[in-house]
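# Notes for the structure review
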Amino acid sequence: MTAAVEFSGVSRHFGTASAPVKAVDGVDLTIAEGSFFAMLGPSGSGKTTCLRLISGFEKPTGGVIRIFGQDVSDIPPNRRNVNTVFQDYALFPHMNVRDNVAYGLMVKGVDRRSRNDRAEEMLSLVKLDGYADRKPGQLSGGQRQRVALARALVNEPRVLLLDEPLGALDLKLREAMQDELKALQTRLGITFVFVTHDQGEALSMADSLAVFNEGKIAQIGTPADIYARPRTRFVADFVGSSNVLTPEVTRAFGGPAKWSSLRPEALRLTAADGVALAGQVTAIRYLGAGSRVSVALPGSEIALLVPAGEALPEQGATVGLAFDPAALHIMDEA
Amino acid sequence: MTDAPAILPERGLGDRLTALFWRHPRLLLAVLLTPPLLWLGVVYLGSLFALLLQSFYSIDEFSGMVKEEFTLKTYAELFRAQNLDIILRTLLMSAAVTIGCAVIAFPIAYYAARFAKGKWKAVFYLGVMLPLWSSYLVKVYAWKLILAKEGIITWAAEGVGLSMILNAILAIPGIGGNSLSTSPMGTFIVFVYVWLPYMILPMQASLERVPTSMLEASADLGASRAQTFRTVILPLAMPGVIAGSIFTFSLTMGDYIIPQIVGTSARFIGLAVYQLQGTAGNIPLAAAFAVVPILIMLVYLTIAKRKGAFDAL
């Protein structure tokens, strides 16, 4: 497989040379063709800047970006065969849905009839048949999102960039759109690059993902890999709800004196007597499929997941902890 | 549990009024709107109505007295060749000034809306408003000196060897003349100068409301800068352009000072109204002339609306 997008030592610094703000700092990245790639990170971590570097709205201050092997350093956005679904959708308010979707074809000089036909096709792809004559202002958030998607796909881009596209939707709609986006990507075979700060979204949708922190990539891998084997404390903390254990606590858990992570579902409650790991229950949070119980140990607080149906301890009760030693993941970070 | 009361005690007039307005939400609106509506209704619309009424009267040709009888005779007078000339001249000048202002204002407004931040934004507002702080008459006389045959423009043109171009412009029939200050070109320049802020400010306000992401979306979908301008920026900025053009167009149509001081002293509507109600004492014809800009603006706005200029509102 060829690389759809390739970053070699790409940086984007803002501000002055003496006090640069390193939005993106020496990023190396390869996105395989046809993959669903997620860029995950907190706000200000550089993920959106990376997306804008691909679309051409930002120019790198260092390094080279290649799209399907071609250096795009001197290519303006309108000549890059990549399209974007914007966070605020950026639909043109003075045009109806049909003209919005057909815009990319209009500026290419496609005649009105063909581009309208094509727009209708795209609208039916995103299940918005019959909305062509509405103005964006007359649509709900979810519908606008679909229009933005149809508009970005009408040019048949080689790469589709999605900037937090589900951020403005409510939970139910967001979950439905996640499934739909995934199905659409599989069907069209276009490379999707997806920016999000929602780790659940990234893990559930992406084939592979990059976790960003402070302008750098903290880890790249498959969702399972990143979830189970975070390389740094930051990744363990940000991706999923893992317990991050300090070197001392790791030792208490029977590991080496290094930072480690332990997933809540790998722990279970036992009787307190005669167990090395015991502490008081400080909080119980009901999650539906189970409950998340926080237990205070010397030097740390450990969360564990008690599946629904199992007995829950009382708040303040002293409980013992048992865990599967194989689940204790030692991180590279010292 | 605390003993704090569930309902807090009333603290005097302010709280009583707040409660009153809360119970009757329309009351506050009525209190706020009554004075301006009275002003608008009585003073503004009243005078407009008096004007309309006058325009349907006529003047007795022998006595020079106003005959208070309804007639369309005065309106018919507008269609005399010399009066049509005035209307046409005013219309052309207003259109030219509006286009001139729009062309000059757009880059300034665009810069201010999209790039100016913090200090530069303040500099922009100051720069645009500063000319409005000084007397209009002083500015127009200053321009007369600038544009005069002995003025700085002629002098500078000679200095850099561009007299040829200046003379060529002045030789163009219809807009040229003896010097810039006695030519329609000069009138145009001064009009554009004095009304420019009224075009820049509404344009800037409307451009500011166009999100950057919309311009990016356009480029992203393959549009060149020119296509983005034509299909996204201009339609979205149109309400501002129209608002600005209403100012420049109607201000030019009503002005009677600039054409007197700078230009050929050919009459414009404003000047005609001024002279008719003053020296000639022909209030009905002055009123009829004054109705013309109103009608022109109504026609202009109707066309603008038909063309979809307000779709982005």
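Residues numbered from 1 in each chain as written. Chains lettered and ligands numbered in written order. Predicted model: local features only at pLDDT ≥ 70, side-chain atom pairs only at ≥ 80, totals over all residues. Heavy atoms only, no water.

## With respect to the sheet that holds strand β7 (residues 159–163) of chain A
All names here are of chain A. Pairing within the open sheet is mixed, and its six strands lie in the order β6-β7-β8-β3-β9-β10. Every other strand in the sheet has two partners, leaving β6 (82–85) and β10 (216–221) as the edge strands with one partner each. Each adjacent strand pair in this sheet contributes to an overall mean axis angle of 20 degrees, direction not counted. Bridge analysis of strand β3 (residues 36–40) against strand β8 (residues 191–196) gives five bridges, and the strand direction is parallel. Note on β8: the bridge partner recorded for Leu 40 is Thr 196. (Pairing = 2+ DSSP bridges. Helix = DSSP H or I, 4+ residues; strand = E, 2+ residues; numbered from the N terminus. Axes fitted to C-alpha atoms, helices over the stretch in contact; angles between N-to-C directions.)

## Quick word on the interface of chain B and chain A
Taken residue by residue, the interface counts 18 residues in chain B and 23 residues in chain A. Here chain B meets chain A over a buried area of about 1700 Å², counting both sides, of which 59% is carbon and sulfur. Among the residues of chain B in contact with chain A, Glu216(B), Asp220(B) and Leu221(B) are the three that bury the most area, contributing 40% of the side total. Linking chain B with chain A are one salt bridge, by the criterion used here. Between Glu216(B) and Arg52(A) there is a salt bridge; the shortest N-O distance is 2.7 Å. Viewed at the interface, chain A and chain B are joined by ten residue pairs in polar contact (both at pLDDT 80 or more). Counting residues per element, the ones that place at least two in the side of chain B that touches chain A are α10 (212–220) and α11 (225–254) of chain B. Of all the elements, α10(B) adds the most residues to the side of chain B that touches chain A, at seven residues. (Contact = heavy atoms within 4.5 Å. Buried area = accessible area lost by both parts, 1.4 Å probe. Salt bridge = Lys/Arg side-chain N within 4 Å of Asp/Glu carboxyl O. Polar contact = N/O pair within 3.5 Å; in protein donor to acceptor, adjacent residues only side chain to side chain.)

## Some points on the side chain of Glu58(A)
All names here are of chain A. Residue placement: Glu 58 occurs in the loop between α1 (47–55) and β4 (62–67). In this structure the side chain of Glu 58 is engaged in a polar contact, spanning 3.1 Å, whose partner is the side chain of Arg 12. For Glu 58, the residues in contact, after removing those within four places along its chain, are Arg 12, Phe 14, Thr 49, Arg 52 and Leu 53.

## So, the domain arrangement of chain A
All names here are of chain A. Assigned domains of chain A: these are domain 1 (3–230) and domain 2 (241–330). Taking only C-alpha atoms, the centre of domain 1 and the centre of domain 2 are 39 Å apart. Every contact between the two is made by four residues of domain 1 and, on the other side, four residues of domain 2. Contact between domain 1 and domain 2 buries roughly 430 Å² in total, counting both sides, with carbon and sulfur atoms accounting for 48%. Of all residues in domain 1, the largest losses of buried area upon contact with domain 2 belong to Tyr 227, Ala 228 and Pro 230, amounting jointly to 85% of the total for that side. (Domains from an automatic or database assignment.)

## Looking at the UniProt feature "domain: ABC transmembrane type-1" (unreviewed entry) in chain B
UniProt records the feature "domain: ABC transmembrane type-1" (unreviewed entry) at residues 87–304 of chain B, using the numbering of this structure. With 79% helix and 0% strand, residues 87–304 of chain B has end C-alpha atoms that lie 21 Å from one another. (UniProt positions renumbered as here; feature names shortened; annotations may be inferred.)

## With respect to unusual backbone geometry
Residue and element names in this part refer to chain A. At Phe 68, a residue that is not glycine, the phi angle is positive and equals roughly 50 degrees. At Glu 164, a position not held by glycine, the phi torsion is positive, near 40 degrees. The topology assignment puts Glu 164 in the loop between β7 and α5 (171–188).

## Some words on the pairing of strand β17 (residues 318–323) of chain A
All names here are of chain A. A large share of β17 lies buried, amounting to five of its six residues. Where strand β13 (residues 267–270) meets β17, four bridges bridge the pair, whose relative direction is antiparallel. From the neighbouring strand, Leu 269 faces β17, where its bridge partner is Leu 321. Of the strand pairs in this sheet, strand β14 (residues 278–286) and β17 are connected by three bridges, and their pairing is antiparallel. Bridge pairing in β17 links Gly 279 to Val 319. (Buried < 20%, exposed > 50% of the residue type's maximum accessible area, 1.4 Å probe, protein only.)

## Some words on the pattern of salt bridges
Residues and elements named next belong to chain A. Counted under the stated rule, the structure contains 20 salt bridges over all chains. The partner of Glu 156 in a salt bridge is Arg 118, and the shortest N-O contact between them spans 2.9 Å. One end of the pair, Glu 156, is in the loop between α4 (141–153) and β7; the other, Arg 118, is in helix α3 (residues 112–125), with 38 residues separating them in the sequence. Residue Glu 156 is classed as exposed on the basis of its relative accessible area, which comes to 51%. Across the salt bridge formed by Glu 201 and Arg 174, the nearest N and O atoms sit 3.9 Å from each other. With Glu 201 in helix α6 (residues 199–205) and Arg 174 in helix α5, this pair connects stretches of sequence that are 27 residues apart.

## Some words on the side chain of Thr90(B)
Residues and elements named next belong to chain B. Relative to the helices and strands, Thr 90 is located in helix α4 (residues 81–114). On the accessibility criterion, Thr 90 (1% relative accessible area) is buried. Dropping the residues within four chain positions of it, Thr 90 is found in contact with Met 253, Phe 268 and Ile 269.

## Looking at the sheet that holds strand β18 (residues 329–330) of chain A
As a general point, the strands of a sheet are linked pairwise by backbone hydrogen bonds and lie either parallel or antiparallel. Residues and elements named next belong to chain A. Taken in spatial order, the three strands of this open sheet run β11-β12-β18, and their pairing is antiparallel. Because the sheet does not close on itself, it has two edges, and the strands there are β11 (243–245) and β18. The pairing of β11 with strand β12 (residues 260–262) spans three bridges and is classified as antiparallel. Bridge pairing links Asn 243 to Leu 262 in β12.

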